[in-house]
Amino acid sequence: MDPTLLSLLDSISQKPPRSKLETHRELIRQLRRKGCTYRDIVRILHERVGIDVAVSTIHSFIKVRAKHRKQVQYELPPVEPQSSVSTPMSSDDVTSRIAALKGKPIVEKPKSKHFHFEESEPLKLVGQGGSR
């Protein structure tokens with residue numbers, strides 16, 4: 001590459017951050033993880049750091065840097081230690097448990113009636129406590 005182009009790229013990468021909150025990014029992240037509202041964060045930044053910002057500024061700062069929810073939604077859970085994982089069952093144990101579940105009788109609840117009909121009387125809706 002051209003040396004002038006390399007020096008130009010170096011000078012661009014050394015620019016200060018555009019947001020005054022960038023230097024406090026980790027603090028803001030920790031406060032949000034602890035459940036602090038944007039107003040709480042504004043108050044803490046004013047009291048402890050001496051920065052005056054609006055609630056909407058905190059919201060925009062977090063929104064721009066937040067991961068997309070779809071990526072987080074499909075994130076794998078952390079790996080659990082081996083001691084908490086149960087021992088795998090043998091195929092005979094699994095087969096016997098399946099057979100026991102299949103052998104259980106199915107108990108069906110009687111369906112509740114929504115209305116009661118008699119030819120000589122008008123149609124009546126049946127509520128939870130009886131007819132209305």
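What's the story with the confidence of the model for the chain in this structure? I'm lost.
Regions with low pLDDT should not have their predicted coordinates read in detail. With 73% of its residues at a pLDDT of 70 or more, the chain has an overall mean of 77. Least confident of the elements in the chain is strand 3 (residues 130-131), whose mean pLDDT is 46; most confident is helix 3 (residues 38-49), at 93.

Help me out: how do you make sense of the packing of helix 3 against helix 4 (residues 55-65) in this one?
Packed helix pairs are characterised by how far apart their axes lie and by the angle those axes make with each other. Contact geometry for helix 3 and helix 4: axes closest at 9 Å, N-to-C directions at 110 degrees. Taken together, the axes of helix 3 and helix 4 are roughly perpendicular relative to one another. Contact residues: helix 3 offers Tyr38, Arg39, Ile41, Val42 and Leu45, while helix 4 offers Val55, Ile58, His59 and Ile62.

So what exactly am I meant to see when it comes to the pattern of salt bridges here?
A side chain of one charge can pair with a side chain of the opposite charge when the charged atoms of the two come close. Under the definition given, this model contains 5 salt bridges. Among the ionic pairs, Arg65 bridges to Glu22, the shortest N-O distance being 3.0 Å. With Arg65 in helix 4 and Glu22 in the loop between helix 1 (3-13) and helix 2 (25-33), the pair connects residues that are 43 residues apart, well separated along the chain. For Arg65, a relative accessible area of 33% puts it in the partly exposed group. The class of Glu22 is partly exposed, set by a relative accessible area of 24%. Of the charged contacts, one joins Glu26 and Arg29 as a salt bridge, the two residues approaching to 2.6 Å between their closest N and O atoms. One end of the pair, Glu26, and the other, Arg29, are both in helix 2, 3 residues apart, so they sit about a helical turn from each other. Connected through shared salt-bridge partners, Glu22, Arg25 and Arg65 make up one network.

What exactly am I supposed to notice about the nonpolar core here?
Note that soluble globular proteins tend to have their nonpolar side chains buried in a common cluster. Within the largest apolar cluster, 12 residues are counted, these being Leu21, Ile28, Leu31, Cys36, Ile41, Val42, Ile44, Leu45, Ile51, Val53, Ile58 and Phe61. Take this core: its biggest share by element is 4 residues, from helix 3. Setting aside residues no more than four positions away along its own chain, Ile41 makes contact with Ile28, Leu31, Arg32, Cys36 and Ile58.

What counts, and where the lines are drawn
Residues numbered from 1 in each chain as written. Predicted model: local features only at pLDDT ≥ 70, side-chain atom pairs only at ≥ 80, totals over all residues. Heavy atoms only, no water. pLDDT = per-residue confidence, 0-100. Helix = DSSP H or I, 4+ residues; strand = E, 2+ residues; numbered from the N terminus. Axes fitted to C-alpha atoms, helices over the stretch in contact; angles between N-to-C directions. Parallel < 35°, antiparallel > 145°, perpendicular 65-115°, else oblique. Contact = heavy atoms within 4.5 Å. Salt bridge = Lys/Arg side-chain N within 4 Å of Asp/Glu carboxyl O. Buried < 20%, exposed > 50% of the residue type's maximum accessible area, 1.4 Å probe, protein only. Core = buried A, V, L, I, M, F, W, Y, C linked by side-chain atoms within 4.5 Å.

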